[in-house]
Amino acid sequence: MSSVLEALKSRSSKRAYLPKPVPQDIQEQILEAAGMTPSGANMQPWVTYAVSDVDTLKKVGDAIIQKMDAGIMNDQFIQYYPVNWVNPYKKRRIITGSGLYKLLEVDRKDNETRIEMWKDNFRWFGAQTVFFVFTDKANIDGAEGVLIDCGAYMQSIMLAAREFDLDTCPQGSTTEFGQVVAKALNVPDNLALLYSIVIGYSDKNAKINTYQPQRVALKDTVTFV
Ligand SMILES: Cc1cc2nc3c(=O)[nH]c(=O)nc-3n(C[C@H](O)[C@H](O)[C@H](O)COP(=O)(O)O)c2cc1C
């Protein structure tokens, strides 16, 4: 993998992985490069837990699935998805979701399978390395700027991963259970989970990994003046 454009174009969210952790020296190279992400006032507000211990990953995932099974929809620090979906974003969400279900031949009304597929997030799609990214609660108390910084950090990780032919899946699903993750990982009280990123060796034979949602035309998102 050489250019930034190639990394951008070859990245896509993968949702099936081989049960193989990412060696720590590669994790370090990725996280060191991602640490060069710019941030307002050079705050570097990201606090990352890089977890490759299968028992710990299972503990975190099981804790979330237990909450879901108890009918709890979220237990979070920040609200990631819009509370009121409006178009064109609502439409894009529906197209993206239904495209995936269509590829996997899952019926629109088959809620059980859909929920199981969502729960796969918390089995880390079979991967054995997950980065959990937190920030200090003080940083998001009455301000949202660090969310911009940490979003850029997310993309840096995902692009740097391509250099090692690794794939990723960013997860807002864990954002929704941020309090559960924080408790299960036993992080200091001042930290709030923002998101996680599954990282690893994607299963090249898995049908789900062929899914590549299209983007809208440039004219729909950009105004040249
Ligand atoms: C912040 C963020 C949160 C996301 N959360 C999830 C998630 O919890 N589970 C999942 O399967 N995909 C998740 N995605 C992946 C998006 O669905 C995906 O990026 C989008 O459909 C575009 O597809 P692509 O990444 O393959 O280009 C997330 C993406 C972002 C940027």
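All of these numbers come straight from a predicted model, not from anything done at the bench.

1. Some thoughts on the sheet that holds strand β4 (residues 191–200)
- Ordered by their spatial adjacency, 4 strands build an open sheet running β1-β2-β4-β3, and the pairing between neighbours is antiparallel. Bordering the open sheet on either side are β1 (47–51) and β3 (167–171), each of which pairs with just one other strand. Within the sheet, the average angular offset between the axes of one strand and its neighbour, ignoring direction, is 25°.
- In terms of strand pairing, strand β2 (residues 130–136) meets β4 through 7 bridges, oriented antiparallel. Bridge pairing links F131 to I197 in β4.
- Here helix α6 (residues 145–163) sits on the sheet and contacts β2, β3 and β4; the angle it forms with β4, its principal contact strand, is near 15°.
- Each of β1, β2 and β4 touches helix α7 (residues 178–185); the most contacted strand, β4, lies at about 80° to it.

2. A word on the packing of helix α3 (residues 54–69) against α7
- Close contact between α3 and α7 brings their axes to 9 Å; oriented N to C, the two are set at 140°. Classified by the angle their axes make, α3 and α7 are oblique. As for the relative orientation of α3 and α7, their crossing is right-handed in sense. Contacts from K59, V60, A63, I64 and K67 in α3 reach V180, V181, A184 and L185 in α7.
- Its residues placed into classes, the contact of α3 with α7 shows 7 nonpolar, no polar and 2 charged.

3. Overview of the packing of helix α2 (residues 24–34) against α6
- Orientation of α2 relative to α6, taken along the N-to-C sense of each, is 140°, at an axis distance of 8 Å. The pairing of α2 with α6 is recorded here as oblique in orientation. Of the two elements, α2 crosses α6, and the hand of that crossing is right-handed. Taken together, the residues of α6 that come into contact with α2 (itself represented by I30, A33 and A34) are Y153, S156, I157, A160 and A161.
- Of the residues in the contact of α2 with α6, the class split is 7 nonpolar, 1 polar and no charged.

What counts, and at which threshold
- Residues numbered from 1 in each chain as written.
- Predicted model: local features only at pLDDT ≥ 70, side-chain atom pairs only at ≥ 80, totals over all residues.
- Pairing = 2+ DSSP bridges.
- Helix = DSSP H or I, 4+ residues; strand = E, 2+ residues; numbered from the N terminus.
- Axes fitted to C-alpha atoms, helices over the stretch in contact; angles between N-to-C directions.
- Contact = placed C-beta atoms within 7 Å.
- Parallel < 35°, antiparallel > 145°, perpendicular 65-115°, else oblique.
- Left-handed = near helix turned anticlockwise from the far one by under 90°.
- Nonpolar A, V, L, I, M, F, W, Y, C, P; charged D, E, K, R; others polar.

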